[in-house]
Amino acid sequence: MSSIPLKRRELLAGCGALVLLCNGALAQTSTARRLHLKNEHTGDVFNGPYRDAAGPLPDAMTDLANVLRDHRANKAGPVDVGTLDFLADIMEAIGQGRATVLSAFRTPETNALLASKGLGVAEHSQHLLGRALDITFPARLPDAHRTALQLKRGGVGWYPRSSFLHIDSGPVRSWEMFGRGLEGLFAKGTSGRLRTVADRMRLHRQIAKRQALGRN
């Protein structure tokens, strides 16, 4: 199943955090991979290596589970190494040494709360599985968006007016939301349920047309 040595697997199993591994997360690296993350809501910081050539570092996974916890419920969830690698590759490509985490793991209760407020939250969000991160950077956020799309590693959501990027290790897909007037992206009579892709594309074209007319 995994190239991680038995002792390392035993430590991960007992570190108090469920560590999710995908094929990409098992790729061998010659040096340790690092991340510098700050949770916007709690102020908690992780700054150091999170994996090496043998795989995830148990102490780092425990620390990351805490930093990436659901701050509303104060509950830690699983940590997906593939998503961390996705983020690390984006940061390396755009030359950013640190990222601010706006949302990571969510409990079902938190996800339902956010969906009830019409915030573009998917019912079966990758956040529930610990496989998604909403992040922002001090600079070059549009470059981060372009890089994430080019990597084709999972889901990429772009929120330019709210200045953050969503990435996850789920199926490859992408979307853009405008950060205000989001109620237009939801089907009538539902709460948090997105329109079909075709409906959203029509809406995006309508908004772009109105913006173009406004500039003329």
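Residues numbered from 1 in each chain as written. Predicted model: local features only at pLDDT ≥ 70, side-chain atom pairs only at ≥ 80, totals over all residues. Heavy atoms only, no water.

> Can you help me understand the pattern of salt bridges in this one?
Opposite charge on two side chains makes pairing possible when the charged atoms of those side chains draw close. Under the criterion given, the structure shown has ten salt bridges. Close ionic contact of Asp89 with Arg33 constitutes a salt bridge, the shortest N to O distance being 2.8 Å. Taken as a pair, Asp89 in helix H3 (residues 81–94) and Arg33 in strand E2 (residues 33–39) lie far apart in primary sequence, 56 residues in all. What makes Asp89 partly exposed here is its relative accessible area of 21%. Accessibility expressed as a relative area gives 16% for Arg33, which makes it buried. Asp168 is the partner of Arg173 in a salt bridge, and the nearest nitrogen-oxygen pair spans 2.8 Å. According to the relative accessible area criterion, Asp168 is buried, its value standing at 0%. Members of the salt-bridge network, linked through shared partners, are Arg33, Arg51, Asp85, Asp89, Glu92 and Arg153. (Salt bridge = Lys/Arg side-chain N within 4 Å of Asp/Glu carboxyl O. Helix = DSSP H or I, 4+ residues; strand = E, 2+ residues; numbered from the N terminus. Buried < 20%, exposed > 50% of the residue type's maximum accessible area, 1.4 Å probe, protein only.)

> Hey, could you run me through the sheet that holds strand E6 (residues 99–103) in this one?
Consider a sheet: its strands pair through backbone hydrogen bonds, and that pairing is either parallel or antiparallel. Strand order in the open sheet made by the eight strands is E4-E3-E2-E6-E7-E9-E8-E10, with mixed pairing throughout. Single-partner strands in this sheet number two, and they are strand E4 (55–56) and strand E10 (173–176). As paired strands, strand E3 (residues 45–52) and E4 are joined by two bridges and run antiparallel to one another. Within E4, the residue paired with Arg51 across the bridge is Pro56. With respect to the sheet, H3 is in contact with E2, E3, E4, E6, strand E7 (132–136), strand E8 (155–159) and strand E9 (164–168), its orientation differing from that of E2 by roughly 95°. (Pairing = 2+ DSSP bridges. Contact = heavy atoms within 4.5 Å. Axes fitted to C-alpha atoms, helices over the stretch in contact; angles between N-to-C directions.)

> Looking at this structure, how should I read the confidence of the model for the protein chain?
Close reading of the predicted structure is inappropriate where its pLDDT is low. Predicted confidence across the protein chain gives a mean pLDDT of 80, with 68% of residues reaching 70 or more. For the protein chain, per-element mean pLDDT is lowest for helix H1 (residues 6–13), which scores 52, and highest for H3, which scores 98. Predicted confidence is poor over residues 179–197, with pLDDT under 50, and the contacts of this stretch with residues over four places away or in other chains come to 30 contacts. (pLDDT = per-residue confidence, 0-100.)

> How should empty space enclosed by the protein be read in this particular structure?
Rolling a probe over the atoms, with the probe sized like a water molecule, indicates the empty space that remains. With the rule as written, the count across this model stands at two cavities of 30 Å³ or more. Lining the largest cavity are Leu68, Pro78, Val79, Asp80, Thr83, Leu84, Ala104, Phe105, Gly130, Ala132 and Leu133. Among the elements of the structure, strand E5 (79–80), H3 and E7 are those that each provide at least two residues to the lining of the largest cavity. Its residues assigned to classes, the lining of the largest cavity shows eight nonpolar, two polar and one charged. (1 Å grid on protein atoms, 1.4 Å probe; cavity = no way out; pocket = protein on both sides within 12 Å on 5 of 7 lines; lining within 4 Å. Points joined across faces, edges and corners; volume = space filled by probe spheres on them. Nonpolar A, V, L, I, M, F, W, Y, C, P; charged D, E, K, R; others polar.)

> Would you mind going over unusual backbone geometry with me for this structure?
Glycine aside, residues mostly have negative phi angles, and peptide bonds mostly take the trans form. The residue Arg140 is not glycine, and still its phi comes out positive at about 60°. With a relative accessible area of 41%, Arg140 lands in the partly exposed category. Residues other than glycine seldom take positive phi values, yet Lys152 does so here, at roughly 50°. With respect to the element layout, Lys152 can be found in the loop between helix H5 (141–151) and E8.

> Just to check I follow, could you spell out the side chain of Ser125 for this structure?
Its place among the elements puts Ser125 in the loop between helix H4 (108–116) and E7. Its relative accessible area of 7% is what places Ser125 among the buried residues. A distance of 3.0 Å separates a polar atom in the side chain of Ser125 from the backbone nitrogen of His127. Discounting residues that sit within four places of it in the chain, Ser125 has contacts with Arg106 and Asn111. (Polar contact = N/O pair within 3.5 Å; in protein donor to acceptor, adjacent residues only side chain to side chain.)

> In this structure, what is going on with the environment of Ser103? I would like to understand it.
Mapped onto the elements, Ser103 comes out in strand E6. Along the sequence, Ser103 and His71 sit 32 residues apart, while their C-alpha atoms lie 8.8 Å from each other. If sequence neighbours within four positions are ignored, Ser103 has contacts with His127, Ala132, Leu133 and Asp134.

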